[in-house]
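Residues per chain are reported as follows:
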Amino acid sequence: MRNAASASLSLGSLGLLRLFGVPWSWSLAAGFGVFLGTGGWKYLYIVVRTAKRDLNGLYVLLRVKIALWHHLRRNSNIPSIFAQTVKQHPNKLALIYDATGETWTFTQLDLLSNAVAQWALAQGWAPGDVVALFMESRPLQVALWLGLAKVGVEAALINFNLQRDALLHCVGVSASRGIVFGAELSGAMLEVSSSLSPSMVRFCTGELSVDCLASLAAQNLDYILASAPTLPPPPYRLFYIYTSGTTGLPKAAIVVHSRYYRIAAFGYHAFRMRRDDIIYDCLPLYHSAGNIMGVGQCLINGLTVVVKKKFSASRFWEDCIKHNCTVVQYIGEICRYLLSQPVRPSEKGHRVRLAVGNGLRPSVWEAFTERFGVAQVGEFYGATECNCSIANMDGKVGACGFNSRILPNVYPIRLMKVDEETTELVRDRHGLCVPCRPGEPGLLVGRINQQDPLRRFDGYANQDATRKKIANNVFKKNDSAYLSDVEGKAGMAAIADPTGTFDCDAFLRGVQQALPPYARPVFLRISPQVDTTGTFKIQKTRLQREGYDPRLSTDQIYFLNSRAGRYEAVNEELHSAIVEGRMAL
């Protein structure tokens, strides 16, 4: 403190003398004299001896601060930083266990921690949950806390010397949902086992007899990890977006951060949006089109987005003028609803140059662009969860996208042939799927690669639903691919009524109570029996071909007149009105 005061006083004296015009030589001499006179030689000695050390410390401090700032900006965490280390040193030894001589390379440690992460997910543990680790020091302990961290689960590292009350206290205050203990500490565990919560799952690592495991109500973790997948765990989830539920109950599609970014960036670059664009988003924000393709441009690319509470055909263009919108969104029948509106000045007084969406019918496309003066239509295809999104980037009327013919493997998606009777993928003599020729209808599939953000498939919260969307041996042996869906309103329900007692009104009341409007069948076909194939599958192809034309079937066909609020029998007059667009579906 004294030395610092001496230095401060000498510098102050130097500055004061210079202020009064004293020459530099006299001022320096006087300042140095003040320093010496206040006992500064010791301080000067310390500075000389420790300058190198302090400069090095300052360098390290700045490096750490800059690195921390860099990682915070990138939202990095310990697992993601470790992943970069693995890439740089995949085969270098990471850990050596002195007790046994066992070694782990960075790649092996990464794979083991991945297995831990997959095990944690299988247990249903989520970010914020805690798992206690009670074992003597070993490399597995590192893999355990690292693997748990990969899925956001926190490890409580318990002192392996603790017993009884102290052990119970440490486990209790951590609010652990599970505990992993070493076999060498089974005695300490037996002492507290009856006092642990019955809901706390227990796992043991190391050799322990079956009887001892049973007495501790514990599972063998080594055995579990040996058979666990070693794929990297999925990134933290952003939210769920539910499918429409047209063909069943809605499925919760998993949306991770990379998928959100991908969809938004895909739309921005594919349709040449600009930073100064203003987007009119009249789509529901529980839907990926509204919340990702629309709002995502705001969050990712800095565009302004106008959020409309509910679509209004009569206010659409007035709203666009009011907010100076340059981009609008559509989905399904929105464009046709706008065309059915009476002509008004606002439909040509706007600044909209781009309409982005999917489901625009070819018959409506040109009428929409000509009447409303919209220069570009950005039609795309892509379900929330799919890995085979495509986009119409050249403005070809009626197209929802394309697949490269020159470099097809850069983005491996294909239209594959489907058996019209069974709707199953057609396979060749090698068991692989058969690509469609130009002009042939088929099913769009995308090869899955979980390591590629553009080709990964995160699936649904329900694993059975996820499995149903995956096919194997599609492009080549042992590969997997995502199978696309058709979304939209429910079409026709074929109902067998052998007794002739079907009640349309009662049926409508039932579906109104159980199903949202878009999932209620627009048409009903009442048959004495439903024809099936030789393998007892419904003859969908014939039913689809005949549709709702009453001239092609003797079955009674009904149409849901939403305005009248009832099902009405379809005759030739009503059929013509629907076909000609005079009766809205």
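Computed from a predicted structure; not experimentally measured. (Residues numbered from 1 in each chain as written. Predicted model: local features only at pLDDT ≥ 70, side-chain atom pairs only at ≥ 80, totals over all residues. Heavy atoms only, no water.)

Colleague: Please set out a nonpolar patch on the surface residue by residue, giving values where relevant.
Modeller: Together, Ile78, Ile81, Trp145 and Leu157 make up a nonpolar patch on the protein surface, roughly 370 Å² of accessible area in all. Residue placement: Ile81 occurs in helix α4 (residues 78-88). (Patch = residues over 30% accessible without salt bridge, like charges linked within 9 Å, V, L, I, M, F, W, Y side chains within 5 Å. Areas by Shrake-Rupley, 256 points an atom, 1.4 Å probe, with all protein chains shown as cover. Salt bridge = Lys/Arg side-chain N within 4 Å of Asp/Glu carboxyl O. Helix = DSSP H or I, 4+ residues; strand = E, 2+ residues; numbered from the N terminus.)

Colleague: How would you summarise helix α5 (residues 106-122) if you had to cite specific residues and measurements?
Modeller: When the terminal C-alpha atoms of α5 are compared, their 24 Å separation across 17 residues agrees well with the 24 Å that a helix rising 1.5 Å per residue should span. Among the residues of α5, those classed as buried are Phe106, Leu109, Asp110, Ser113, Asn114, Ala115, Val116, Ala117, Gln118, Trp119 and Ala120. (Expected span 1.5 Å × (residues − 1). Buried < 20%, exposed > 50% of the residue type's maximum accessible area, 1.4 Å probe, protein only.)

Colleague: I'd like a rundown of the packing of aromatic side chains, residues and numbers included.
Modeller: Summed over the entire model, instances satisfying the criterion amount to 17 aromatic pairs. For the pair Trp119 and Phe203, a centre-to-centre distance of 5.1 Å together with 90° between the ring planes defines the contact as edge-to-face. Here Trp119 is found in helix α5, whereas its partner Phe203 is found in strand β6 (residues 201-205), with 84 residues between them in sequence. Judged by relative accessible area, which is 3%, Trp119 ranks as buried. Put simply, the rings of Tyr280, Phe311, Phe316, Trp317, Tyr337, Phe368 and Phe372 touch in pairs and so form one group of aromatic residues. Of note, Arg447 hangs over the ring of Phe475, and the distance from its end group to the ring centre comes to 4.7 Å. (Phe/Tyr/Trp six-rings, centres within 6.5 Å; stacked < 30°, edge-to-face > 60°. Lys NZ or Arg CZ within 6 Å of the ring centre and 35° of its normal.)

Colleague: Can you break down the pattern of salt bridges residue by residue, with the values?
Modeller: Inspection of every chain in the model, using the stated rule, returns 19 salt bridges. Ionic pairing is found between Arg164 and Glu191, a salt bridge with its closest N-O pair at 3.2 Å. Of this pair, Arg164 sits in helix α7 (residues 164-173) while Glu191 sits in helix α8 (residues 186-192), placing them 27 residues apart in sequence. Its relative accessible area of 38% is what places Glu191 among the partly exposed residues.

Colleague: Which residues make up the side chain of Gln141, and what are the values?
Modeller: Along the chain, Gln141 turns up in helix α6 (residues 139-150). The contact partners of Gln141, leaving out residues within four places of it in the chain, are Leu133, Met135, Glu136 and Leu157. (Contact = heavy atoms within 4.5 Å.)

Colleague: An account of the sheet that holds strand β4 (residues 154-157) is requested, with residue identities and associated values reported.
Modeller: The five strands lie next to each other as β4-β3-β5-β6-β7, forming an open sheet whose pairing is parallel. The open sheet has two edge strands with one neighbour each: β4 and β7 (218-220). Direction aside, neighbouring strands of the sheet carry axes that sit 25° apart on average. Sheet topology places strand β3 (residues 130-134) next to strand β5 (residues 178-182); four bridges connect them, and they run parallel. Residue pairing across strands places Ala132 opposite Ile179, the latter belonging to β5. Strands β3, β4, β5 and β6 of the sheet are contacted by α6, whose axis makes an angle of about 175° with β3. (Pairing = 2+ DSSP bridges. Axes fitted to C-alpha atoms, helices over the stretch in contact; angles between N-to-C directions.)

Colleague: Explain the packing of α5 against α6 to me, using residue names and the numbers behind them.
Modeller: Between α5 and α6, the least distance of the axes is 7 Å, while the angle of their chain directions is 55°. Relative to α6, the element α5 is oriented oblique. Helix-helix and strand crossings are classified by hand; for α5 and α6 the assignment is right-handed. Note on element contacts: α6 touches α5 through Leu140, Ala143, Leu144, Leu146, Gly147, Leu148 and Lys150, opposite Leu109, Asp110, Leu112, Ser113, Asn114, Val116, Ala117, Trp119 and Ala120. (Parallel < 35°, antiparallel > 145°, perpendicular 65-115°, else oblique. Left-handed = near helix turned anticlockwise from the far one by under 90°.)

Colleague: Which residues make up the environment of Phe402, and what are the values?
Modeller: Assignment of secondary structure puts Phe402 in the loop between β15 (390-391) and β16 (413-416). Classification of Phe402 by relative accessible area gives partly exposed; the value is 49%. Between the C-alpha atoms of Phe402 and Ser389, which are 13 residues apart in sequence, the distance is 9.7 Å. Contacts of Phe402, omitting those with residues within four sequence positions, involve Ile390, Ala391 and Met393.

Colleague: Run through the sheet that holds strand β17 (residues 443-447), naming residues and quoting values.
Modeller: With antiparallel pairing, four strands are arranged side by side in an open sheet as β16-β17-β19-β18. Two strands lie at the open edges of the sheet, namely β16 and β18 (470-472), each paired on one side alone. For this sheet, the mean inter-axis angle between neighbouring strands, taken without regard to orientation, is 35°. Strand direction decides the pairing type here: β17 and strand β19 (residues 480-483), joined by three bridges, are antiparallel. Residue pairing for β19: Gly446 is matched across the bridge by Tyr482.

Colleague: Describe unusual backbone geometry, with residues and values.
Modeller: Phi at Arg164 is positive, roughly 40°, even though this residue is not glycine. One non-glycine residue, Asn478, adopts positive backbone phi at about 70°. With respect to the element layout, Asn478 can be found in the loop between β18 and β19. According to the relative accessible area criterion, Asn478 is exposed, its value standing at 75%.

These results come straight from atomic positions and should not be treated as a statement about function.
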